[in-house]
Amino acid sequence: MSQLSYARYGKDNVRLYKVDKNEQTGVHTVVEQTVQVLLEGDIETSYTQADNSVVVATDTQKQTVYILAKQHPISPPEKFAAVLGTHFITQYPHIHAAHVKIVQHRWTRMTVDGKPHPHSFLRDGAEVRVVESVTRENEGISLRSKIEKLLVLKSTGSAFHGFHRDEYTRLAETWDRILSTEIEAGWKWKLFKSLAEVEQVDFDAAWQAARDITLKVFAEDNSASVQATMYKMCDRILAAVPLVEAVDYSLPNKHYFEVDLSWHKGLKNTGKDATVFAPQTDPNGLIQCTVTRKSSKAKL
Ligand SMILES: O=c1[nH]c(=O)c2[nH]c(=O)[nH]c2[nH]1
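The shown structure was predicted, so the numbers you read here are calculated from the model rather than taken from an experiment. (Residues numbered from 1 in each chain as written. Predicted model: local features only at pLDDT ≥ 70, side-chain atom pairs only at ≥ 80, totals over all residues. Heavy atoms only, no water.)

We now examine the side chain of Thr-181. Residue position: Thr-181 is located in strand β8 (residues 179-189). For Thr-181, a relative accessible area of 5% puts it in the buried group. A polar contact of 2.5 Å, which involves the side chain of Thr-181, links it to the backbone oxygen of Pro-252. Other than its neighbours up to four places away in sequence, Thr-181 contacts Leu-150, Leu-151, Val-152, Phe-218, Leu-251, Pro-252 and Lys-254. (Helix = DSSP H or I, 4+ residues; strand = E, 2+ residues; numbered from the N terminus. Buried < 20%, exposed > 50% of the residue type's maximum accessible area, 1.4 Å probe, protein only. Polar contact = N/O pair within 3.5 Å; in protein donor to acceptor, adjacent residues only side chain to side chain. Contact = heavy atoms within 4.5 Å.)

Structural data, given as C-alpha cells:
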C-alpha cells in the first residue's frame, strides 16, 4: 500500500560553547554554535517495523557532538561539520550520509580602555556564520558556507529606473533611494574527497573575503538594482576564492517609504527634501540568484 520515501533523523538545536584558555597570556577565545545533525541510511525498518536496533539515538548524536567538540577544534565550523559527518558515517556502517548544519553566533572581543579584553565579549548583532554539510559514503564531503542576518542600509547611492511599465505599474522611477537588506549569502565549495582535503582549506579567510566583498560592493556600488549589485558581489567572490563553485544571495528589499507631510503647513518631505521615512516590515521584495563559473551549469 505505502512506502517510505524519505527518512532522516537526528538532533536539532544542540547548543555548544567552547573556550580556549591560553595559560601563558591569559587570553581566552570563545566559540558558540547551534548544531543540527540528521542521519540517513538503512533505517527504514525503524519506521516501518518499529525496529529500534538500527537507531543511533538522537541523544547519542548529541553526546557525540560534545565529545568531538572536546577532542577537535570547533572553529572553523566547516572543519567541525566535516569531522562530525565523517565520524557518523565511519562509526556506523549502516549510516550512509550525515547532514550537519552549524550556526555560529557572534562573540566579539570587548575593547576596554582602548585595549582588547582577555576574557570579555559582546554580541555585536544578529549576524551568524552558517555551514551546511553533507558527508556521504563513497562520495565525499559537500560544504556550503553562509552569512545570514547581516543587516545593512545605505542612505543614497541606489537607484531604480527603466523597469518594465504597463497598466499594472504604479511605482515611480527613482534615481536616489534608500537601500536596505538583510544579507543572506552562500558559497558552495567544490566536493571534497576526504577530511584530509577539508583540513587544507582556509575557511576563515574565505568567510572574511566574502564578508568584505559583500560590504564593499554594497557600500561602493552605484546600485542600479538589487539584482545588478548582488551579481557583482557573486562575481567578485568567485574571483577571490578559487575552490568555490557557486555563490548565491537571497536579499530582501527592505523598503523605506517617503511620508507626505505637505498637509501640515506645507512641510516639504518628498523627493530631494525627504528626510523622514517610514520603514516597512512587509511586504518586501525578495531577490535571489546563484552565480557559477562559466564552464558549469547554473541551477536555477
Ligand atoms: O532593486 C530592485 N529590484 C526590483 O526588482 C524591484 N522591484 C521594485 O518594486 N523595486 C525594486 N528594486
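Having seen the model, we can carry on.
Cross-referencing UniProt, the feature "binding site: O2" (unreviewed entry) maps to Asn-253 in the present numbering. Mapped onto the secondary structure, Asn-253 falls in strand β9 (residues 244-253). Excluding anything up to four places from it in sequence, Asn-253 contacts Arg-177, Leu-179, Ser-180, Val-226, Asn-284 and Gly-285. (UniProt positions renumbered as here; feature names shortened; annotations may be inferred.)

Near the ligand, the surroundings consist of Phe-160, Leu-171, Arg-177, Ser-225, Val-226, Gln-227, Asn-253 and Ile-287. A distance of 2.8 Å separates an oxygen atom of the ligand from a polar backbone atom of Val-226. Take Asn-253: an N or O atom from its side chain is 3.4 Å from a nitrogen atom of the ligand. Expressed as a share of its isolated accessible area of 290 Å², the protein-covered part of the ligand is 71%. Here the residues of the shell around the ligand sort into four nonpolar, three polar and one charged. (Near = heavy atom within 4 Å. Areas by Shrake-Rupley, 256 points an atom, 1.4 Å probe, with all protein chains shown as cover. Nonpolar A, V, L, I, M, F, W, Y, C, P; charged D, E, K, R; others polar.)

Residues given the UniProt feature "binding site: 5-hydroxyisourate" (unreviewed entry) here are Val-226, Gln-227 and Asn-253. Sequence-wise these annotated residues cover 28 residues; spatially they are packed, their C-alpha atoms never more than 10.4 Å apart. Tracing the sequence through the fold places Val-226 in helix α6 (residues 226-240). The contacts of Val-226, once residues within four sequence positions are left out, are Arg-177, Leu-179, Leu-251, Asn-253 and Ile-287.

Further remarks concern the pairing of β8. Across the 11 residues that make up β8, a large majority, eight, are buried. Across nine bridges, strand β7 (residues 140-154) lies against β8 in antiparallel orientation. Paired with Leu-151 across the strands is Glu-182, a residue of β8. Pairing analysis gives six bridges linking β8 to β9, with the strands arranged antiparallel. For Ala-185, the partnering residue across the bridge sits in β9 and is Tyr-249. (Pairing = 2+ DSSP bridges.)

All right, on to the sheet that holds strand β12 (residues 285-292) then. The eight strands are arranged β1-β2-β3-β6-β7-β8-β9-β12 in an open sheet whose pairing can be described as antiparallel. The open sheet has two edge strands with one neighbour each: β1 (9-21) and β12. Taking the axes of each pair of neighbouring strands and ignoring which way they run, one obtains an average angle of 15° across the sheet. Bridge count for strand β2 (residues 28-41) against strand β3 (residues 95-105) is 10 bridges, and the pairing is antiparallel. Its bridge partner lying in β3, Glu-40 is registered against Ala-97. Where helix α2 (residues 58-71) meets the sheet, it contacts β1 and β2, and its direction lies at approximately 20° from that of β1. Relative to the sheet, helix α3 (residues 77-91) contacts β1, β2, β3, β6 (128-136) and β7, its axis offset from that of β3 by approximately 155°. (Axes fitted to C-alpha atoms, helices over the stretch in contact; angles between N-to-C directions.)

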